[in-house]
Every structure is written in structure tokens, then in C-alpha cells.
Amino acid sequence: LMYVTSHYHWSSLRSGLTVSCCGTAGVVFLLLFSILLHYFNDLDLVLYGMVTMVLSCLLLTSPLTLTTTSTVPLWQFYSSIILMYSVGYPIGHTALLGVFSKIMKSGPQGQLLGYFGSAGSLARVFFPVLAGVLAEYCGDTVIFIVMAALLIISCAVFVASKEFVRNVISRP
């Protein structure tokens, strides 16, 4: 919210409506999730979601925004928000929950999914604090660079373990 109010001079209402519209589009993608699974498997959708989120973060970075208070063009901002909230996060997170559930098919799924949810809650506590510190001392663009870097590392780990996960899921 602070990013769009300071860089684009949006009101809180416009910011909220924009994110809400993107979230609504994400719900539509989730309703179509079974159709996506006819063409792609869970693992591919997790990777697709993460790569889409990397692209979303990178759209909010440019060499110009590192050295000045300039902002990326509005079309770039809208593209980033749509990729993150309408496509990348809903698809990647839903597919990841499915993969996690399949891996834990013979174990205590409820308890482990609770741990999974708790890890997500901790991230929603930790990352806003990190973003605030980065924004205060390094600038807004660095936030998106750090997020993209963390997502790229996650993609690399995921790709490196993809065959192992596929084998675990396919076991009877």
C-alpha cells in the first residue's frame, strides 16, 4: 500500500480495489485449476507459479529505480500485480499444497498441513518486517530484488529435487 501511495499517488481505495480485482481473478484461476491439471501436473504448476512470481518481482525493478526515486511505468506495475496476485501465487500455492498432501499421503496430513500453514503465517510476519527494513535503508527496488532472488533460489531447489518428489508421489 505504501509503495503505490508514494510512487503513484494512489488513494487507499484505489490500491485496495486493484489488489481485490487481481485477487478475484486469482479465484477464477483456482476455479479453473482442475482444467489446468488436465494439461500440466502439480510439479509443473508449482514451478510455473514460482517463475511467474519471479517475473512479477523483476518487473518492479530497473537500473533507473535503483539510483533515483523514479518508478516503473504504470503498465509494468499493473503487469506485476496481475502476475503475482492473479496467476503466480494462486496457481503455485494451490499446486504446492497438492504436492505436499500427496507426499504426506500415508502420514498425519492434518498435522503436517498445519505446520505448513504455520510456516506461511511466520512468513507473513517476517517478510513485511524485512521489507520495511529494506525500504527504509536500501530503497523500494531492493525489496523486489531480494524477493526475486529468494524465489530464484526456491526455484533452483525445487528443480533440483523435482525428480525425487515425483518418485515419492508416484509410490503406491
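Rules used in this analysis
Residues numbered from 1 in each chain as written. Predicted model: local features only at pLDDT ≥ 70, side-chain atom pairs only at ≥ 80, totals over all residues. Heavy atoms only, no water. Salt bridge = Lys/Arg side-chain N within 4 Å of Asp/Glu carboxyl O. Helix = DSSP H or I, 4+ residues; strand = E, 2+ residues; numbered from the N terminus. Buried < 20%, exposed > 50% of the residue type's maximum accessible area, 1.4 Å probe, protein only. Patch = residues over 30% accessible without salt bridge, like charges linked within 9 Å, V, L, I, M, F, W, Y side chains within 5 Å. Areas by Shrake-Rupley, 256 points an atom, 1.4 Å probe, with all protein chains shown as cover. Core = buried A, V, L, I, M, F, W, Y, C linked by side-chain atoms within 4.5 Å. Contact = heavy atoms within 4.5 Å. Axes fitted to C-alpha atoms, helices over the stretch in contact; angles between N-to-C directions. Parallel < 35°, antiparallel > 145°, perpendicular 65-115°, else oblique.

*Asks:* Just to check I follow, could you spell out the pattern of salt bridges for this structure?
*Replies:* Any two side chains of opposite charge can pair, given that their charged atoms come close. Per the counting criterion, the structure on display carries three salt bridges. Of the charged contacts, one joins Lys162 and Asp44 as a salt bridge, the two residues approaching to 2.7 Å between their closest N and O atoms. One end of the pair, Lys162, is in helix H8 (residues 140–170); the other, Asp44, is in helix H4 (residues 42–59), and 118 residues separate them in sequence. Among the ionic pairs, Glu163 bridges to Arg166, the shortest N-O distance being 3.2 Å. Here Glu163 pairs with Arg166, and both are found in helix H8, just three residues apart, close to one helical turn. Judged by its relative accessible area of 46%, Glu163 is partly exposed.

*Asks:* Help me out: how do you make sense of a nonpolar patch on the surface in this one?
*Replies:* A surface patch of nonpolar side chains, amounting to about 730 Å² of accessible area, comprises Val27, Val28, Leu31, Leu32, Ile35, Tyr39 and Phe40. Contributions of two or more residues to the nonpolar patch are made by helix H2 (12–31) and helix H3 (33–39). For the nonpolar patch, the element with the highest residue contribution is H2, accounting for three residues. Looking at Leu31, the relative accessible area reads 67%, which means it is exposed.

*Asks:* Teacher, can you tell me more about the nonpolar core here?
*Replies:* Among soluble globular proteins, nonpolar side chains are generally buried collectively. In this structure, Phe33, Leu45, Val46, Met50, Ile91 and Phe158 are the most contacted members of the largest nonpolar core, which totals 20 residues. At eight residues, H4 tops the list of elements feeding residues into this core. Ignoring any residue separated from it by four or fewer positions in sequence, one finds Met50 in contact with Ser154, Cys155 and Phe158. The next biggest cluster of nonpolar side chains, apart from the first, holds 10 residues, and it includes Val4, Cys22, Leu60 and Val72.

*Asks:* For this particular structure, what's the right way to read the packing of H4 against H8?
*Replies:* Between two packed helices, the angle of one axis relative to the other and the distance separating the axes together describe the packing. The N-to-C vectors of H4 and H8 enclose an angle of 170°; their axes lie 9 Å apart at closest approach. One element, H4, and the other, H8, form an angle in the roughly antiparallel class.

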